[in-house]
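Single-letter residue listing:
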Amino acid sequence: MRVSIVVPVYNEEGNIANLHKEIKDVCETNGYTYEIIFVNDGSSDGTDKVCRTLKPLKLISMRKNFGQTAAMDAGIKAAQYDYIVTMDGDGQNDPADIPQMIEYMQKEDVDVVSGWRKNRKDTFMKRFVSRGANFLRYLLVHDGIHDSGCSLKVYKKECFKGISLYGEQHRFIPAILKIKGFKIGEVVVNHRPRTSGYTKYNWKRTIKGFVDMISVWFWNKYATRPLHLLGGMGMLFELLGFGCGIWSIVLFAMGRKMSQNIFPPLLTIFFVIIGLIMVIFGLMSEILMKTYFGVHVDVPYNVKAIEDFDDKD
């Protein structure tokens, strides 16, 4: 069993040493060939200093704080083994759940196993926002899991061929992979209270996550056929414009002065123009999508260094 454990960390100096020990103990107890990858996402505390005392460890240092998704993407791209495990650096995910998740993956023959924090140890407000986000995700994304926000997940390495993550998309990796035909599973996992540091989640990340959810919805439904969405909306506006035009003609035939009934003609012009714009945007999007699928896409972050710290050093 060859396992890469990817952990994005940002200002978690009080948690990472114990988390590293737990991961190491689980891997050695289960006889895994393993690598532990910590991605220091521009921490401003002593996280980097603590990381350099941990062995074995592959430390990826970002030049600044690019966000959890970028850090996770950098770690996944650096992973070399067959199974990739992702988890948070705050210690709330329990490494002891990794063996049962891998066992479930092999038994059920799935490509992704997502953790389900059924009994969360977060504040009421954080749970409330999360449940609202999960409801919207259920309406838009349909990834088939209960808890997309849980970072503890196990992936087969081939899941990430040709995939780069952006924004806050780490929450929607199962949905993105499901779009590409991978099989998704879910296992109830332990969720522990934070013992050190503070949460990095805030209202800004919630909004970004919602916007990315819309992006995933669009990608799922219309990535290869944007003209169907935008062109369809354009035709709807054209029909509304046609209806308002008929309304204007009827009023004119009834002897109404257009100067006193300016609203119908204005609506006609408005809907016709908007309809034409939507159709044009749809055609342009078709061209852009064909270009996107035909060229290499750069990643929106920059890695400063990748270093290995072995027990032999």
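Structure shown above.
Figured I'd write up the structure that's included with this text. (Residues numbered from 1 in each chain as written. Predicted model: local features only at pLDDT ≥ 70, side-chain atom pairs only at ≥ 80, totals over all residues. Heavy atoms only, no water.)

## A word on the overall build of the protein chain
As a reminder, the rule being used: Strands are runs of DSSP state E lasting at least 2 residues, helices are runs of H or I lasting at least 4, and numbering of each runs from the N terminus. Exposed residues in this analysis have more than 50% of their type's maximum accessible area, buried residues have under 20%, and partly exposed residues fall in between, with area computed by a 1.4 Å probe over protein chains only. By the convention used here, residues are in contact when the closest approach between their heavy atoms is within 4.5 Å. Accessible surface area values rest on a Shrake-Rupley calculation with a 1.4 Å probe, where residue burial reflects the displayed protein chains alone.
In terms of regular secondary structure, the protein chain is built from nine helices and eight strands. When each of the 313 residues of the protein chain is scored for burial, the buried share is 46%. Across the protein chain, contacts joining residues at least 24 apart in sequence account for 78% of those joining residues at least 6 apart. Put simply, the protein chain shows about 16600 Å² of open surface, and 61% of that area lies on carbon and sulfur atoms.

## Examining the pairing of strand β4 (residues 83–86)
As a reminder, the rule being used: When DSSP finds two or more bridges between two strands, those strands count as paired.
Burial along β4 is two-sided: Tyr83 and Val85 facing one way and Ile84 and Thr86 facing the other are all buried. Where strand β1 (residues 2–9) lies against β4, four bridges are found, and the strand directions are parallel. Paired with Val3 across the strands is Tyr83, a residue of β4. For β4 and strand β6 (residues 153–156), the ladder comprises four bridges, and the chain directions are antiparallel. Bridging across to β6, Ile84 finds its partner in Tyr155.

## A closer look at the sheet that holds β4
Sheet strands line up and pair through hydrogen bonds in the backbone, either parallel or antiparallel. Worth spelling out the cut-off: Orientation is described by axes fitted as lines to C-alpha atoms, over the contacting stretch for helices, and by angles from 0 to 180 degrees between their N-to-C directions.
The sheet built from eight strands is open, its strands ordered β7-β5-β6-β4-β1-β2-β3-β8 with mixed pairing. One side of each edge strand has no neighbouring strand; the edge strands of this open sheet are β7 (184–188) and β8 (303–309). Across this sheet, the average inter-strand angle for adjacent strands is 20 degrees, counted without regard to direction. Here eight bridges tie β1 to strand β2 (residues 33–40), and the two strands are oriented parallel to one another. Each bridged residue has a counterpart across the sheet, and for Pro8 the counterpart in β2 is Val39.

## Section: the packing of aromatic side chains
Counted only if it meets this: Two aromatic rings, drawn from Phe, Tyr or Trp (for Trp, its six-membered ring), form a pair once their centres lie within 6.5 Å of each other, and the interplanar angle then sorts them: stacked below 30 degrees, edge-to-face above 60, tilted otherwise.
Applying the stated criterion across every chain, the model contains three aromatic pairs. Residues Tyr155 and Phe160 carry aromatic rings whose centres are separated by 4.9 Å and whose planes lie at 70 degrees to one another, so their mutual orientation is edge-to-face. Taken as a pair, Tyr155 and Phe160 share a single burial class, namely buried. Among the aromatic residues, those joined into a ring-pair cluster are Phe237, Phe270 and Phe271.

## Some thoughts on unusual backbone geometry
Here the amide bond leading from Lys55 into Pro56 is cis, since omega sits at -5 degrees, within 30 degrees of zero. With respect to the element layout, Pro56 can be found in the loop between α2 (47–51) and β3 (57–62). Positioned with a positive phi, Asn11 is a non-glycine residue whose angle comes to about 55 degrees. With respect to the helices and strands, the residue Asn11 is situated in the loop between β1 and α1 (16–29). On the basis of relative accessibility, which here comes to 9%, the residue Asn11 falls in the buried class.

## A closer look at the side chain of Ser248
On the secondary structure map, Ser248 appears in helix α8 (residues 226–253). With residues up to four places along the chain from it excluded, the contact list for Ser248 reads Met258, Pro264, Pro265 and Thr268.

## Focus on a nonpolar patch on the surface
The line we're drawing: A patch consists of residues whose relative accessible area exceeds 30% and which take part in no salt bridge; residues with like charges are grouped when within 9 Å of each other, and nonpolar side chains (Val, Leu, Ile, Met, Phe, Trp, Tyr) when within 5 Å. Should a side-chain nitrogen of Lys or Arg be within 4 Å of a carboxyl oxygen of Asp or Glu, the pair is scored as a salt bridge.
Together, Ile269, Ile273, Leu276, Ile277, Ile280, Phe281 and Met284 line one region of the surface with nonpolar side chains, adding up to about 650 Å² of accessible area. Looking at the element boundaries, Met284 is found in helix α9 (residues 263–294).

## Notes on the pattern of salt bridges
Inspection of every chain in the model, using the stated rule, returns 13 salt bridges. Across the pair Arg52 and Asp48 runs a salt bridge whose closest N-O atoms are separated by 3.0 Å. On the accessibility criterion, Arg52 (33% relative accessible area) is partly exposed. Close ionic contact of Lys77 with Asp73 constitutes a salt bridge, the shortest N to O distance being 3.0 Å. Note that Lys77 and Asp73 are positioned in helix α3 (residues 68–78) at a spacing of four residues, about one turn of the helix. Where salt bridges share partners, they join Glu12, Asp90 and Arg194 into one cluster.

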